[in-house]
Amino acid sequence: MTSTPPSGDTGSSSGQDTQTADLGRQPDKAAQRSGGRGLRRRTLRKFLGASAALVLAGGLGGGIVLWGQYQGIMADLPTVEGLRSYQPPVMSRLYAQDDQLVAELANERRIFVPYTAIPDKVKNAFIAAEDQKFWTHNGVDPAAILRAGLTDLTRGKGRRPIGASTITQQVARIMLLGTNAVSLKRKAKEAFLAMRVEQVLPKEKILEIYLNEIYLGNGAYGIGAAAQTYFNKPLDQLDDAEAAFLGALPKSPTNYNPERFPDAARGRRNWVLERMADIGALTPEAAHTAAAEPLDTRAFVRPGPAPGSEWFAEQVRRELIERYGQDMTMQGGLDVHTSLDLPLQRAAQGILRQGLLAYDRAHRGWQGALRTLPDIGPETPQADWTKALAAQTPPVGLIDQWRLAVVLDAAKGRVGWLESSVVRRSPAEPASPAGAAQEALLLARDLTWARRSHPLHNGDVVMVEPQAAGGRAALMQVPLVEGAVVTLDAHTGRVLALVGGWSFQASQFNRATQALRQPGSSFKPFVYLTAMEQGISPSQEFEDSPVSYGTWHPNNYEKDFWGATTLHDALRESRNLVTIRLAAHIGMKSVSDMAIKLGLVDSMPQVLPAALGAVETTVLKEAGAYATLASGGRRITPTLIDDVQDRQGRVLWRTPGLTLAAQPAQADVQGATDAAPADKVPADATGALSPATATPTVSDASPTLLSPDSLPMLRDDRPRVASEQSAFQITSMLQDVIRRGTGMLAGQGIDVPVAGKTGTSQNFNDAWFAGYTPDTVTVVWFGFDTPQSLGRNETGGAIAGPIWNKVMKVALAGQPRLDFPVPQGVMLVQYDTGRGVGIDAFKDGQIPGESLYLADGSRELTAADTGAENMPDSESDMAATGAPSGASVGAGGGGGPSEGAGHAAQPSSGGDIGMGGLY
């Protein structure tokens with residue numbers, strides 16, 4: 001029988017069991033809680049580990065990328081070593097023979113100023129404005145970079161970041177990077193380069209480079225050019241306010257241009273003055289005083305080309321570029337000393353223009369007004385017509401002496417113009433400020449000239465030239481005909497004047513150096529020179545009679561024949577048929593070789609018409625060839641440049657051929673004389689021993705240094721083209737050309753010995769006169785750019801001769817009277833040439849007045865020798881009008897009687913003049 005425990009006991013036992021069970025469950029919950037926390041910790045640790053791994057991997061990857069970028073940037077950085085030998089691009093300068101500045105050649109107008117010559121106020125102005133910690137940082141300014149970065153973050157998008165570049169960084173960008181691209185990579189390159197630059201260069205050199213390289217507006221690079229451009233004064237004459245203004249420009253030369261934005265420019269300048277006071281470069285009082293000054297800039301006119309020198313300067317520029325290249329010429333800092341005689345150059349240009357105008361007025365007539373302005377008349381207020389006139393663009397070819405004018409009263413010929421206005425060369429240029437209004441009456445002869453074809457009307461826009469007195473103006477128009485003039489030193493070939501046409505502004509084509517034209521009969525002296533070299537005498541006679549070669553029937557200009565004619569008379573009167581027979585006798589190969597040796601042509605067809613000038617050459621080349629005659633047979637090469645010096649003053653080039661050397665001792669001269677026969681030793685004009693046989697070769701760029709005991713002498717290494725004796729024989733004959741031949745107009749009023757020759761090409765397309773004194777050669781050409789006839793009887797003697805005469809009178813003014821030196825081995829003899837009394841030079845063995853029998857080889861020539869197959873179909877139509885019976889054409893090509901007047905002219909056979917010279 002089971003006993004049941006008391007209820008109280010039962011409850012106690014159950015409670016104990018329950019308690020025991022609870023006690024057993026409590027550790028399990030704790031364990032659960034502990035396990036949860038561990039799980040979270042493990043999860044957290046895993047997360048943190050993974051995150052750390054990711055961060056580490058990302059950092060490592062980023063580091064690798066950054067290192068790669070850094071390596072790439074550093075590998076791509078240019079070297080800074082070149083800055084040690086910094087040579088800034090500096091403009092080259094051209095000087096005339098009197099050292100007057102003629103022109104500046106520059107891509108960037110820069111005047112280099114070394115650090116020691118830069119005033120402290122200028123240095124401080126730029127440092128205060130651009131980099132106040134320049135003297136203390138190592139290439140970059142971290143504080144400035146942070147400040148600029150914070151500023152850029154608050155400025156919003158779409159605006160260019162503000163700069164924080166130091167002066168060193170700017171040097172690195174300008175000199176080494178060459179780009180202003182906005183990118184972090186460029187800024188990084190700039191910073192790294194700046195630190196490298198600071199390691200290589202001292203601060204002073206860095207600042208020197210910066211101040212000479214930076215662009216400061218208005219075409220000025222560097223502080224030297226900027227001081228001249230804005231204030232028209234050298235750098236060392238700037239005051240504090242002017243120096244501060246230059247320091248204000250680097251931020252934005254355009255926005256602080258004082259002409260366009262005067263208030264902004266003044267404000268920026270004053271800000272720089274405040275910064276200068278902050279760094280102690282100025283006292284506050286001095287800065288305040290400078291800030292009160294007005295910003296007074298002065299207009300600067302860039303020098304050159306000097307008025308009238310444009311043709312010459314441009315030819316020099318071409319030669320420099322050909323020799324040194326574009327970069328060296330335009331930014332190599334060359335000092336180029338030229339042979340230019342500025343007064344003669346300007347005179348030659350004026351004289352040529354007068355000749356072109358005279359021809360144009362006589363042959364072309366008045367072509368009418370440029371345009372007509374409405375509502376202009378005698379009652380028009382001055383303010384109205386001046387405003388209308390100021391808006392007009394002058395035509396190409398308007399020269400500085402002329403003015404653009406408007407006809408105010410056509411009935412009276414009253415015109416008005418703006419005297420001080422600046423000529424606008426194109427519609428794109430801004431209108432010039434209105435100048436003082438002037439009025440005058442046109443010359444009566446000009447009114448008559450205009451009425452013949454195009455009468456004037458009120459409001460007509462015309463060109464006028466104000467006259468010196470009388471309240472008058474001359475009516476002008478730009479001629480269509482062109483011309484060229486070259487004057488050079490006969491001994492050296494130094495070109496003293498070179499005019500290439502009417503107006504350089506209208507056309508830069510240089511007709512003195514670039515235009516290939518036929519010289520006509522001015523070529524004939526070189527045919528005769530070849531004959532003299534072959535021993536033929538000036539008194540040798542050739543037949544002046546009809547001759548034909550197949551379809552070619554050459555003739556004389558006058559269409560008459562003289563029979564047996566001496567070479568003296570034939571050259572004096574430019575007889576074509578004698579010249580042809582002479583060329584046939586001596587051989588066209590000999591003539592061609594002579595022309596090439598003279599430098600007159602590069603190549604030449606060996607056909608008879610070439611002897612009459614049917615070749616092509618330039619005015620400059622012909623001047624050199626005539627200088628060879630004047631210099632006694634030495635090859636004269638025209639030169640415009642005397643020497644070229646680099647920026648350190650070292651001579652890079654000087655004219656070859658003539659050098660200064662020590663005169664040999666008497667014993668050396670005696671030895672040289674004993675070593676060679678007297679007739680084999682070259683002699684100069686006085687018969688002295690040629691320096692070429694006595695001294696060694698001297699480098700053109702390194703002249704011999706003479707000792708105090710040495711006697712200097714001029715050594716001439718130029719090749720001899722012809723003997724002195726032959727050259728003098730031609731000179732003697734050409735003197736008679738001017739005394740009483742085709743060149744009489746050219747010699748009028750010149751009382752010194754001169755020699756010269758006319759030249760007129762086929763169909764009167766080209767008119768020439770070439771002549772010389774013992775010291776000076778001048779050649780004049782006249783014609784149209786597109787070859788066309790100047791008009792019948794418009795010969796070289798009639799057109800070019802008077803221009804030559806005026807130019808030579810200017811060139812000879814103040815010069816001593818010199819005779820042509822007579823070389824040894826010739827004698828001057830006066831004799832009857834057959835058509836008057838002449839003076840010729842005869843070599844030893846030649847008998848004055850004697851003419852030997854010479855076989856007429858011309859009779860054996862064929863059409864192949866004459867080039868007849870190349871003659872134009874219209875050749876027979878190009879003959880000039882025959883002269884009246886009983887007289888021949890005079891010196892002016894028909895303007896008066898020649899020395900041949902009174903000799904009966906033989907009947908004309910008609911036929912062609914020839915493919916070259918007429919007269």
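Keep in mind that what you see is a predicted model, and the values were worked out from it rather than measured.

A.B. asks: Please explain the environment of Ala-129 as it appears in this structure.
C.D. replies: Here Ala-129 lies in helix α2 (residues 120-130). Taking the C-alpha atoms as reference, Ala-129 lies 5.6 Å from Val-272; in sequence the two are 143 residues apart. If sequence neighbours within four positions are ignored, Ala-129 has contacts with Gly-247, Arg-268, Trp-271 and Val-272.

A.B. asks: Explain the packing of aromatic side chains to me, please; I cannot follow it from the model alone.
C.D. replies: For any pair of aromatic rings, the description rests on two quantities: the centre-to-centre distance and the angle between the ring planes. By the definition in use, this model includes 17 aromatic pairs. Measuring from centroid to centroid gives 5.5 Å for Tyr-831 and Phe-842, while their planes differ by 70°, and the two rings are edge-to-face. With Tyr-831 in strand β23 (residues 826-832) and Phe-842 in strand β24 (residues 837-843), this residue pair connects regions lying eleven residues apart in the sequence. Of the two residues, Tyr-831 and Phe-842, both sit in the buried class. By the ring-pair criterion, three or more aromatic residues cluster together here, those being Phe-523, Phe-526, Tyr-626, Tyr-772 and Phe-820. Of note, Arg-361 hangs over the ring of Trp-449, and the distance from its end group to the ring centre comes to 3.7 Å.

A.B. asks: Is there a simple way to think about the environment of Ala-281 in this case?
C.D. replies: Its location among the elements puts Ala-281 in the loop between α9 (262-278) and α10 (284-291). Measuring from C-alpha to C-alpha, the distance between Ala-281 and Ala-128 comes to 8.5 Å, with 153 residues separating the pair along the chain. Residues within four places of Ala-281 in sequence aside, it is in contact with Asn-124 and Met-276.

A.B. asks: Can you walk me through a nonpolar patch on the surface in this structure?
C.D. replies: The grouping of Leu-44, Phe-47 and Leu-48 at the surface amounts to a nonpolar patch, some 320 Å² of accessible area in total. Within the fold, Leu-48 resides in helix α1 (residues 7-76).

A.B. asks: What is the right way to read the packing of helix α16 (residues 524-533) against helix α20 (residues 619-630) from this model?
C.D. replies: Two quantities define a packed helix pair, namely the angle between the helix axes and the distance between the axes. Where α16 meets α20, the closest approach of the two axes is 11 Å, and the angle between their N-to-C directions is 40°. Put simply, α16 runs oblique to α20. Note on packing geometry: the crossing formed by α16 with α20 is left-handed. In this structure, α16 contributes Pro-525, Phe-526 and Leu-529 to the contact, and α20 contributes Ala-625, Tyr-626 and Leu-629. Across the contact of α16 with α20, the residue classes tally to six nonpolar, no polar and no charged.

A.B. asks: Please clarify how the sheet that holds strand β1 (residues 92-95) should be interpreted in this entry.
C.D. replies: Backbone hydrogen bonds hold the strands of a sheet together, and the pairing may be parallel or antiparallel. Overall, mixed pairing links the five strands, which are arranged β2-β1-β5-β16-β17 in an open sheet. The two strands at the open ends of the sheet, each matched to only one other strand, are β2 (101-105) and β17 (651-654). Within the sheet, the average angular offset between the axes of one strand and its neighbour, ignoring direction, is 15°. As paired elements, strand β5 (residues 335-338) and strand β16 (residues 641-645) share four bridges and run antiparallel to each other. Across the sheet, the residue bridging to His-337 is Asp-643, located in β16. Against the sheet, helix α11 (residues 310-324) contacts β1, β2, β5, β16 and β17, and its axis sits at roughly 50° relative to β16.

A.B. asks: Help me understand the confidence of the model for the protein in this model?
C.D. replies: As a general rule, the predicted coordinates of low-pLDDT regions are not to be interpreted in detail. On average, the protein scores 81 in pLDDT, and the residues at 70 or more come to 75%. Below a pLDDT of 50 lies the segment residues 871-915, which in the model reaches 113 contacts outside its immediate sequence neighbourhood of four places, other chains included.

A.B. asks: Can you walk me through the packing of α16 against helix α19 (residues 588-598) in this structure?
C.D. replies: Two elements in contact, α16 and α19, have axes separated by 9 Å at closest approach and are oriented at 110°. Relative to α19, the element α16 is oriented roughly perpendicular. Contact residues: α16 offers Phe-526, Val-527, Leu-529, Thr-530 and Glu-533, while α19 offers Ser-590, Val-591, Met-594 and Leu-598. Residue composition of the contact of α16 with α19, by class: six nonpolar, two polar and one charged.

Parameters at a glance
Every chain is numbered independently, its residues counted from 1 as its sequence is written. Totals for whole chains, interfaces and linings use all residues, but because this is a predicted model, local features are given only for residues with pLDDT of at least 70 and pairs of side-chain atoms are given and counted only at 80 or more. To obtain the side-chain values, all non-hydrogen atoms of the structure were included, while hydrogens and water were left out. Secondary structure elements are defined from DSSP: runs of H or I of at least 4 residues count as helices, runs of E of at least 2 residues count as strands, and each element is numbered from the N terminus. What makes two residues a contact is simply this: any of their non-hydrogen atoms within 4.5 Å. Two rings from Phe, Tyr or Trp (for Trp, the six-membered ring) form a pair when their centres sit within 6.5 Å of each other. Planes less than 30 degrees apart are called stacked, planes more than 60 degrees apart edge-to-face, and all others tilted. Burial classes: relative accessible area under 20% of the type maximum marks a residue as buried, over 50% as exposed, and values in between as partly exposed (1.4 Å probe, protein chains only). Lysine and arginine charges are scored as sitting over a ring when NZ or CZ, respectively, is within 6 Å of the ring centre and within 35 degrees of the ring normal. Note that patches include only residues with greater than 30% relative accessible area and no salt bridge, and the join distances are 9 Å for like charges and 5 Å for nonpolar side chains (Val, Leu, Ile, Met, Phe, Trp, Tyr). Computed with a 1.4 Å probe, the accessible areas rest on the Shrake-Rupley method; for each residue, only the protein chains presented here act as cover. Any Lys or Arg side-chain nitrogen found within 4 Å of a carboxyl oxygen on Asp or Glu counts as a salt bridge. A fitted line through C-alpha atoms serves as each axis, taken over the contacting stretch for helices, and the angle formed by two N-to-C directions is quoted from 0 to 180°. Orientation labels follow simple angle bins: below 35 degrees gives roughly parallel, above 145 gives roughly antiparallel, 65 to 115 gives roughly perpendicular, and whatever is left gives oblique. By definition, turning the near helix anticlockwise from the far helix through less than a right angle yields a left-handed crossing, and turning it clockwise yields a right-handed one. Only Asp, Glu, Lys and Arg are considered charged in this grouping, and only Ala, Val, Leu, Ile, Met, Phe, Trp, Tyr, Cys and Pro are considered nonpolar; every other residue, Gly among them, is considered polar. We call two strands paired when DSSP finds no fewer than two bridges between them. pLDDT is a residue-level measure of predictor confidence that goes from 0 to 100.

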